[in-house]
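# Chains, contacts and geometry: an overview
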Amino acid sequence: MSRVASLEAFADRDPTNPDLLCDLLDSLVLEGQVQRARERLERAPQALRAMPGVVFRDARLALVEGDLPKVIALLNPLVSALQPAPAGLCHDLAYAQFTLGEPDEALRTLSRASAVEGDDVISIALLTARIWHRQQRIREALALLDGLHDPSRQAEIDGLRALLLLDHGQVSDAAREASRALSLDPAQFEAGLVSGSLALSARHEDAVSIFQRLVAMRPNVGRAYLGLGEGLMMSGDIVAATAVLDRAVTYMPDHIGTWHALAWCQLLQGKLDDAQRSFDQAFALDRTFGETHGGRALIHALRGEREAASESIKRALRLDPHGRNARYAQSVLLLDEGREAEAQSIIQDLVASPQAGRPLVSPDFVNTLRDLLRPKQGGSRGH
């Protein structure tokens, strides 16, 4: 008889025993029988279900099921009542809070944990590092991971370190750590993000397949959708990229680069109003980002709004002298003035130095856009 079958038999004979129920639920979850665990829990007497240990298992099931508001509703009262609270309970509550966009609250929850030992050391350190990553406290997160070792979770530790290093600009170190993590676990998610990002930067065709696997693994992570969208842009599949980036902004509405990528996809399809809305979303997040001002300048230029375009170009280049969007906008204004050679010089320079996260475009794409858009704006202008 299997352990689960034995525990079920014991629990059936003693249905008011909380320890037996908890052991059974733990074993069922460990075997991946989440629905069966939920059914056993819901059949338990109400008095049993109100006990802290059983509430914790109820929340753990909700966590596996993806019902994060339920996790918070179940665990918040327990954490408040237990001072200090068990580390595992604090971890699960903090994870739900963090995932739902409450990093400060998650850190407060973790600070309430009782003395951390054993497996909880790794779990809480990794979650804390991920929260600090979201808060741009990358140096602190890297320092926390230094010296953290656990053979059973080393791939996860190395993968998170790789992603932190990448976002800290230490590309070669990030590549090394990602390679190490993937050698331990080819499905390690954060190392996969690094691998996909490096492929994207190198404009390698493998980027799309890498991010497709990551999206399949974690279909609620915006960064994976962003990478896939950028890869599809790079390959020229703008329609598919737009659909993917529409998903990305729902998961990362506060990420300026995602709105920019979506705006470019919309631009390349002649959807000027949609592109403007995307740049406006980016502008609402940060009014000092030069590329956003450049994107708005490009919108104005394509609409033939020369004065507004010129003012936006000035602001954009003041904030970012090397901004690409502003230079594209300049090329449109030059074309409108009949200064074809000067405009093409700017465009050729930009096309010759493509960036990750941007589509590959042809030297005549600005002309194509003007031809596509100007009839909708009240008449075409000659080139």
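Just above, that's the structure.
Before going into details, it helps to say that this report is about the structure given with it. (Residues numbered from 1 in each chain as written. Predicted model: local features only at pLDDT ≥ 70, side-chain atom pairs only at ≥ 80, totals over all residues. Heavy atoms only, no water.)

### Structural notes on the overall build of the chain
Scanning the chain for helices and strands turns up 23 helices and 0 strands. Each principal axis of the C-alpha distribution contributes one length, and for the chain these read about 90 × 40 × 40 Å. Contacts in the chain between residues far apart in sequence, at least 24 positions, make up 53% of those at least 6 positions apart. Total accessible area on the chain is roughly 18100 Å²; 52% of this is exposed by carbon and sulfur atoms. (Helix = DSSP H or I, 4+ residues; strand = E, 2+ residues; numbered from the N terminus. Contact = heavy atoms within 4.5 Å. Areas by Shrake-Rupley, 256 points an atom, 1.4 Å probe, with all protein chains shown as cover.)

### With respect to the layout of surface pockets
In this structure, the second largest pocket encloses a volume near 210 Å³. Elements represented by at least two residues in the lining of the second largest pocket include exactly helix 2 (18-30) and helix 5 (52-65). (1 Å grid on protein atoms, 1.4 Å probe; cavity = no way out; pocket = protein on both sides within 12 Å on 5 of 7 lines; lining within 4 Å. Points joined across faces, edges and corners; volume = space filled by probe spheres on them.)

### Looking at the nonpolar core
The biggest cluster of nonpolar side chains holds 81 residues, and the ones touching the most others in it are Leu 245, Trp 264, Leu 267 and Leu 298. Here the element with the most residues in this core is helix 17 (residues 256-268); it accounts for 8 residues. (Core = buried A, V, L, I, M, F, W, Y, C linked by side-chain atoms within 4.5 Å. Buried < 20%, exposed > 50% of the residue type's maximum accessible area, 1.4 Å probe, protein only.)

### A short note on the pattern of salt bridges
Across all of its chains, the model carries 28 salt bridges by this definition. Among the ionic pairs, Asp 158 bridges to Arg 161, the shortest N-O distance being 3.0 Å. Here the residue Asp 158 and the residue Arg 161 both occupy positions in helix 11 (residues 154-167), the gap between them amounting to 3 residues, near one helical turn. Arg 296 is the partner of Asp 280 in a salt bridge, and the nearest nitrogen-oxygen pair spans 3.1 Å. One end of the pair, Asp 280, is in helix 18 (residues 272-285); the other, Arg 296, is in helix 19 (residues 290-302), with 16 residues separating them in the sequence. Taking the relative accessible area as the measure of exposure, Arg 296 reaches 26% and is therefore partly exposed. (Salt bridge = Lys/Arg side-chain N within 4 Å of Asp/Glu carboxyl O.)

### As for the packing of helix 13 (residues 189-201) against helix 15 (residues 222-235)
Taken N-terminus to C-terminus, the directions of helix 13 and helix 15 make an angle of 25°; their axes are 10 Å apart at the nearest point. When the axes of helix 13 and helix 15 are compared, the pair comes out roughly parallel. As for the relative orientation of helix 13 and helix 15, their crossing is left-handed in sense. From helix 13, Phe 189, Leu 193 and Leu 200 reach across to helix 15, where they touch Arg 223, Ala 224, Gly 227, Glu 230, Gly 231 and Met 234. For the contact of helix 13 with helix 15, the per-class residue count stands at 5 nonpolar, 2 polar and 2 charged. (Axes fitted to C-alpha atoms, helices over the stretch in contact; angles between N-to-C directions. Parallel < 35°, antiparallel > 145°, perpendicular 65-115°, else oblique. Left-handed = near helix turned anticlockwise from the far one by under 90°. Nonpolar A, V, L, I, M, F, W, Y, C, P; charged D, E, K, R; others polar.)

### Quick notes on the environment of Ile 256
Relative to the elements of secondary structure, Ile 256 occurs in helix 17. C-alpha of Ile 256 to C-alpha of Arg 213: the two residues are 43 residues apart in sequence and 24 Å apart in space. Those residues in contact with Ile 256 that lie beyond four places of it in its chain are Ala 282, Leu 285, Asp 286, Phe 289 and Thr 292.

### What about the state of the cysteines?
Covalent bonding between the sulfur atoms of two cysteines is what defines a disulfide. The full count for this structure, using the stated rule, is 0 disulfides. Not engaged in a disulfide, the cysteine Cys 90 finds its nearest cysteine sulfur in Cys 22; these two sulfurs lie 17 Å apart. (Disulfide = S-S within 2.5 Å.)

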